[in-house]
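Below are the chains, spelled out letter by letter.
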Amino acid sequence: MKRRFGMWLAVLALASCRSYDYESPLTSQAGLVPPDQFARYGREQAEAVAIGRELARQADSAVAYARAFPDVADVHADPLGHRLTVQFKSGWRAGVAPIADGKRGAETPGVAVPAAAR
């Protein structure tokens with residue numbers, strides 16, 4: 001009886017282990033507000049969408065693109081999580097995931113692309 005209980009406990013422990021594939025849940029846009037609609041919520045939201053679109057196109061230059069906006073105070077790249085953490089001057093912090101919808105950051109409604117990012 002004790003051996004069966006120990007065996008079932010071991011099987012339960014192994015079955016409860018999750019995979020370490022973190023990319024798919026963070027980059028999936030399923031079930032979220034569409035990017036163009038989210039960009040209409042405000043200027044900082046539009047900038048976050050533009051940064052996400054540029055992150056999907058060129059991950060290397062997305063940090064420089066984000067820092068070109070005057071409202072952005074700080075940007076941190078998380079290479080293992082495939083996202084950027086953007087701190088705005090208003091105090092709002094956003095985790096920006098890549099938005100692969102085929103558009104550039106400048107095509108985001110409500111965002112004025114700074115001259116340094118062009």
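Residues numbered from 1 in each chain as written. Predicted model: local features only at pLDDT ≥ 70, side-chain atom pairs only at ≥ 80, totals over all residues. Heavy atoms only, no water.

Details of the pairing of strand β2 (residues 83-88)
Working step 1: Every second residue of β2 is oriented toward a common face, the buried set being Leu84, Val86 and Phe88 and the non-buried set Arg83, Thr85 and Gln87.
Working step 2: Here strand β1 (residues 72-78) runs beside β2; their pairing, made up of 6 bridges, is antiparallel. Across the sheet, residue Ala77 finds its bridge partner in β2, namely Leu84.
Working step 3: With antiparallel pairing between neighbouring strands as the criterion, β1 and β2 make up a hairpin whose turn holds 4 residues, including His82 at a positive phi of roughly 55 degrees.
Working step 4: The pairing of β2 with strand β3 (residues 93-96) spans 4 bridges and is antiparallel. Each bridged residue has a counterpart across the sheet, and for Gln87 the counterpart in β3 is Arg93. (Buried < 20%, exposed > 50% of the residue type's maximum accessible area, 1.4 Å probe, protein only. Helix = DSSP H or I, 4+ residues; strand = E, 2+ residues; numbered from the N terminus. Pairing = 2+ DSSP bridges.)

Focus: the environment of Gly105
Working step 1: When you line up the elements, Gly105 lands in the segment after β3.
Working step 2: In this structure Gly105 comes out as buried when scored by relative accessible area, which is 0%.
Working step 3: In this view, Gly105 contacts Ala50, Arg53, Glu54, Tyr65, Val111 and Val113; residues no more than four positions away in its chain are not counted. (Contact = heavy atoms within 4.5 Å.)

Observations concerning a nonpolar patch on the surface
Working step 1: Taken together, the side chains of Phe5, Leu9 and Leu12 define a hydrophobic patch exposed on the protein surface, amounting to about 350 Å² of accessible area.
Working step 2: Summarising the element assignment, Leu12 is placed in helix α1 (residues 2-15).
Working step 3: For Leu12, a relative accessible area of 56% gives the class exposed. (Patch = residues over 30% accessible without salt bridge, like charges linked within 9 Å, V, L, I, M, F, W, Y side chains within 5 Å. Areas by Shrake-Rupley, 256 points an atom, 1.4 Å probe, with all protein chains shown as cover. Salt bridge = Lys/Arg side-chain N within 4 Å of Asp/Glu carboxyl O.)

Some words on helix α4 (residues 43-57)
Working step 1: Between its first and last C-alpha, α4 extends 21 Å over 15 residues, near the 21 Å set by a 1.5 Å rise per residue.
Working step 2: Extensive coverage of α4 is indicated by the burial of 12 of its 15 residues.
Working step 3: Listing the buried residues of α4 in full gives Glu44, Gln45, Ala46, Glu47, Ala48, Val49, Ala50, Ile51, Gly52, Arg53, Glu54 and Leu55.
Working step 4: Where α4 is buried, its residues touch α3 (35-39), α5 (62-67), β1, β2 and β3. (Expected span 1.5 Å × (residues − 1).)

Considerations on the pattern of salt bridges
Working step 1: Applying the stated criterion across every chain, the model contains 6 salt bridges.
Working step 2: We note a salt bridge from Arg43 to Asp71, for which the minimum N-O separation is 2.7 Å. With a gap of 28 residues between them, Arg43 in helix α4 and Asp71 in the loop between α5 and β1 connect regions that are remote in the sequence.
Working step 3: Relative accessible area serves as the criterion here: at 13%, Asp71 is assigned to the buried category.
Working step 4: In this structure, the salt-bridge partner of Arg104 is Glu54, at a minimum N-O distance of 3.2 Å. Residue Arg104 is found in the segment after β3, and its partner Glu54 is found in helix α4; the two are separated by 50 residues along the sequence.
Working step 5: Linked through salt bridges whose partners overlap, the residues forming this network are Asp36, Arg53, Asp101 and Lys103.

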